[in-house]
Amino acid sequence: MKNVDDLIASAAELADRGLSKGEIADELNVSRETASWLVDRSGASSPSQGSDAAPPSGPQDIHVDWSAIGRDSKRMDYVARAMADLLEDDGEEVDLTIGIEKAGAPLATFVAQALDTDLGTYAPAKHQWEEGDIDELGGSFSRNFAQIRDRQCYVVDDTVTSGTTMKETIDAIREEGGEPVACVVVVDKQGLEELDGVPVYSLIDVVGVGRE
Ligand SMILES: O=P(O)(O)OC[C@H]1O[C@H](OP(=O)(O)OP(=O)(O)O)[C@H](O)[C@@H]1O
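As the structure is a computational prediction, the values presented were derived from the model and not from experiment.

Colleague: Help me understand unusual backbone geometry, please; the structure alone is not making it clear to me.
Modeller: A negative phi angle characterises most non-glycine residues, just as the trans form characterises most peptide bonds. Between glutamate 101 and the following residue, lysine 102, the backbone shows a cis peptide bond with an omega angle of -5°. Tracing the backbone through its elements, the reader meets lysine 102 in the loop between strand E1 (96-100) and helix H6 (104-115). A positive phi angle, near 55°, is found at aspartate 196, a position not held by glycine.

Colleague: Where do I start with the site of the ligand in this structure?
Modeller: Neighbouring the ligand are 17 residues; Asp26, Asp157, Asp158, Ser162 and Thr165 lie closest to it. Here alanine 103 contributes a backbone N or O atom positioned 3.0 Å from an oxygen atom of the ligand. Protein contacts shield 88% of the accessible area of the ligand, which totals 500 Å² for the unbound molecule. Sorting the residues of the shell around the ligand by element identifies helix H2 (21-28), strand E4 (152-160) and helix H7 (164-175) as the ones contributing at least two each. In terms of residue count, E4 provides more of the shell around the ligand than any other element does, 4 residues in total. Here the shell around the ligand is built from residues that sort into 2 nonpolar, 8 polar and 7 charged. Viewed by domain, the shell around the ligand spans two of them, domain 1 (1-60) and domain 2 (67-205), each represented by three or more residues.

Colleague: What should I look at first to understand the packing of helix H5 (residues 73-87) against H6 in this one?
Modeller: Here H5 crosses H6 at 60°, and the two axes come no closer than 8 Å. When the interaxial angle is binned, H5 and H6 end up oblique. As H5 packs across H6, the resulting crossing turns out to be right-handed. For the pair formed by H5 and H6, the contact residues are Ser73, Met76, Asp77, Ala80, Arg81, Met83, Ala84 and Leu87 on the first element and Pro106, Leu107, Phe110, Val111, Ala114 and Leu115 on the second. Here the contact of H5 with H6 is built from residues that sort into 11 nonpolar, 1 polar and 2 charged.

Colleague: How should I be thinking about the domain arrangement of the protein chain in this particular structure?
Modeller: In terms of domain boundaries, the protein chain breaks down into domain 1 (1-60) and domain 2 (67-205). Taken together, the 6 residues of domain 1 in the interface contact 7 residues of domain 2. Counting the surface lost from both domain 1 and domain 2, the interface buries some 560 Å², and carbon and sulfur atoms represent 45% of this. On the domain 1 side of the contact with domain 2, Glu23, Asp26 and Asn29 bury the most area, a combined 71% of that side's loss. Summed over the shared surface of domain 1 and domain 2, the result is 0 salt bridges. Across the contact surface, domain 1 and domain 2 share 0 residue pairs in polar contact (both at pLDDT 80 or more). Here the side of domain 1 that touches domain 2 is composed, by residue class, of 2 nonpolar, 2 polar and 2 charged.

Colleague: Is there a simple way to explain the side chain of aspartate 157 in this structure?
Modeller: Of note, aspartate 157 is situated in strand E4. Despite its burial, aspartate 157 pairs with no opposite charge, the nearest such side chain being lysine 126 at 6.8 Å. Here aspartate 157 is in contact with Met83, Ile100, Ala103, Gly104, Leu107, Thr165, Met166, Val184, Val185 and Val186, once residues within four sequence places are set aside.

Cut-offs and rules
- Along each chain, the written sequence defines residue order, and numbers are assigned to residues from 1.
- It should be noted that, the model being predicted, local features are given only for residues of pLDDT at least 70 and side-chain atom pairs only at 80 or more, the latter also being counted only at that level, while totals for whole chains, interfaces and linings use all residues.
- As a rule here, side-chain values come from all non-hydrogen atoms in the structure, and water together with hydrogens is ignored.
- Here a helix means four or more residues in a row that DSSP labels H or I, a strand means two or more in a row labelled E, and each is numbered from the N terminus.
- Residues are classed as near a molecule or strand on a simple rule: at least one heavy atom within 4 Å of it.
- In the analysis that follows, any N or O atom pair within 3.5 Å is treated as a polar contact, provided that within protein one partner can donate a hydrogen and the other can accept it, and provided that, for residues neighboring in sequence, both atoms belong to side chains.
- For the accessible areas, the method is Shrake-Rupley and the probe is 1.4 Å, while residue cover comes only from the protein chains on display.
- When residue character is reported, Ala, Val, Leu, Ile, Met, Phe, Trp, Tyr, Cys and Pro are called nonpolar, Asp, Glu, Lys and Arg charged, and the others, Gly included, polar.
- These domain boundaries are the output of an automatic or database domain assignment.
- For every element, the axis is a line fit to its C-alpha atoms; helices are fit only across the contacting stretch, and the angle between N-to-C directions ranges from 0 to 180 degrees.
- Any angle that is under 35 degrees is reported as roughly parallel, and any over 145 degrees as roughly antiparallel; angles of 65 to 115 degrees are reported as roughly perpendicular and all others as oblique.
- Should the near helix be turned anticlockwise from the far one by less than a right angle, the crossing is left-handed, and should it be turned clockwise, the crossing is right-handed.
- Residues are treated as being in contact if the distance between any of their heavy atoms lies within 4.5 Å.
- The buried area of a pairing is the accessible area, by a 1.4 Å probe, that goes missing from both parts when the two are put together, added over both.
- Any Lys or Arg side-chain nitrogen located within 4 Å of an Asp or Glu carboxyl oxygen qualifies as a salt bridge.
- Residue exposure (1.4 Å probe, protein chains only): buried if accessible area is under 20% of the type maximum, exposed if over 50%, otherwise partly exposed.
- Positive residues here are Lys and Arg, negative ones are Asp and Glu, while His and the chain termini are left out of the count.

Next up, the structure:
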């Protein structure tokens, strides 16, 4: 199981590899504020700095660990059926489900099976990133799976943190001539109702309480 110390160690490793805090946020599936806090904490634990450098409390974010579902195909099948159930009222002509790589792809496989649709996958731009400006990169649809070709489709991922990846996928589907009809995730940390006119469903919405 991942705990905060694991996240701090991962953030330090990514920072050492030269990733920006925004890129570390994407990698670790946490907000930018949290990524910044994790990087700062990893520095604060080094012998050269006193522990006073650490903030008195952590940021208002949560790390979602759904590996108890992801490591067991039967549990993933059950969860994906619940996700498919959320989608079922949207679109009568949908015969394609797009999973966002990496974690959204296995979930989408089970959702596609439950809804009896074709399966496609989208690799977001951040996965092509090695160095330089990520905005100059594009994502891609895998040729190993179904293509968009003017079709209506559903979009599946594990989590929404900022919504950037889901928004990028909606845009990419439209650029290919497709029509995203609805999106579904396991956990939505934004509590989105829709994104660019596309309904977003989640099994669990995370709602911050007591924030400024
Ligand atoms: O809403 P956002 O801020 O864009 O973050 C959510 C995305 O981040 C994670 O992907 P990531 O590439 O980090 O991990 P994965 O490859 O394991 O799916 C997650 O699977 C979503 O795709």
